[in-house]
Amino acid sequence: MLLQCAFCHKGFSVASVTQSRGKGLGSHIQCPKCGAWLGRNKWLTSAKVIGFYSAVAAGVAGYFLDNVMHIVTPTIILSVILVGITHIMDHLILIEAPEEPAQNIKAD
């Protein structure tokens, strides 16, 4: 799977990532090409997870319970729409730009 850096716009594989910090939805990775710290938007990722699990729960409830199709069907449809929209919008964002190397500074 290739990821694209939000700073240098170069693609890199997940296997090439060596630096990371944080845990869970707040974790950040460092771009191996430019050194920028990248992360995901917590709200969009949370909405994607909530939409997925609500669709699964509604599907299981519709399978095992009788006379709930009037609630289950719209719930599954809206949950799948939520997952699709948030998946399209959820990209890596720039958390911290890389430090610029020191330019040739003349000492007076």
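Up top is the structure.
Caption draft 1: Structural view of the overall build of the protein chain. If you tally the helices and strands in the protein chain, you get two helices and six strands. Only carbon and sulfur atoms are counted for the fraction: they give 64% of the accessible area of the protein chain, which is about 8100 Å².

Caption draft 2: Structural view of helix α1 (residues 42-64). A rise of 1.5 Å per residue sets the reference length of α1, with its 23 residues, at 33 Å; its end C-alpha atoms lie 33 Å apart and thus fit the reference within 8%. For α1, every residue scored as buried is listed here: L44, T45, G51, A55 and A58. Structurally, α1 contributes buried residues whose contacts are with α2 (69-89). With a side-chain oxygen positioned 3.0 Å from the backbone nitrogen of W43, the residue opening α1 is N41.

Caption draft 3: View of the environment of I95. Following the sequence through the fold, I95 ends up in strand β6 (residues 93-96). In this structure the C-alpha to C-alpha distance between I95 and N41, which are 54 residues apart in sequence, comes to 10.0 Å. Not counting chain neighbours up to four residues away, the residues in contact with I95 comprise R21, H28, W37, L38 and G39.

Caption draft 4: Broad picture of the nonpolar core. L3, C5, F12, I29, C31, A36, L38 and L92 form the largest nonpolar core, which has eight residues in total. Setting aside residues up to four positions removed in sequence, L92 forms contacts with L3, Q4, A6, L38, G39 and R40.

Caption draft 5: A look at the packing of aromatic side chains. What the rule picks out here adds up to two aromatic pairs. Look at F52 and Y53: their rings are 5.1 Å apart centre to centre, the planes differ by 75°, and that puts the pair in the edge-to-face class. When the centroid spacing of 4.9 Å and the interplanar angle of 90° are considered together, the rings of Y63 and F64 count as edge-to-face. By relative accessible area, Y63 is classed as exposed at 66%. In this structure F64 comes out as exposed when scored by relative accessible area, which is 61%. Over the aromatic face of W37 sits the side chain of R21, whose NZ or CZ is 4.1 Å from the ring centroid.

Caption draft 6: The arrangement of the side chain of T45 in detail. Mapped onto the secondary structure, T45 falls in helix α1. A polar side-chain atom of T45 sits 3.0 Å from a polar atom in the side chain of D90. Sequence-distant contacts of T45, that is, excluding residues within four places in its chain, are made with L25, R40 and D90.

Basis of the calculations
- Residues numbered from 1 in each chain as written.
- Predicted model: local features only at pLDDT ≥ 70, side-chain atom pairs only at ≥ 80, totals over all residues.
- Heavy atoms only, no water.
- Helix = DSSP H or I, 4+ residues; strand = E, 2+ residues; numbered from the N terminus.
- Areas by Shrake-Rupley, 256 points an atom, 1.4 Å probe, with all protein chains shown as cover.
- Expected span 1.5 Å × (residues − 1).
- Buried < 20%, exposed > 50% of the residue type's maximum accessible area, 1.4 Å probe, protein only.
- Contact = heavy atoms within 4.5 Å.
- Polar contact = N/O pair within 3.5 Å; in protein donor to acceptor, adjacent residues only side chain to side chain.
- Core = buried A, V, L, I, M, F, W, Y, C linked by side-chain atoms within 4.5 Å.
- Phe/Tyr/Trp six-rings, centres within 6.5 Å; stacked < 30°, edge-to-face > 60°.
- Lys NZ or Arg CZ within 6 Å of the ring centre and 35° of its normal.

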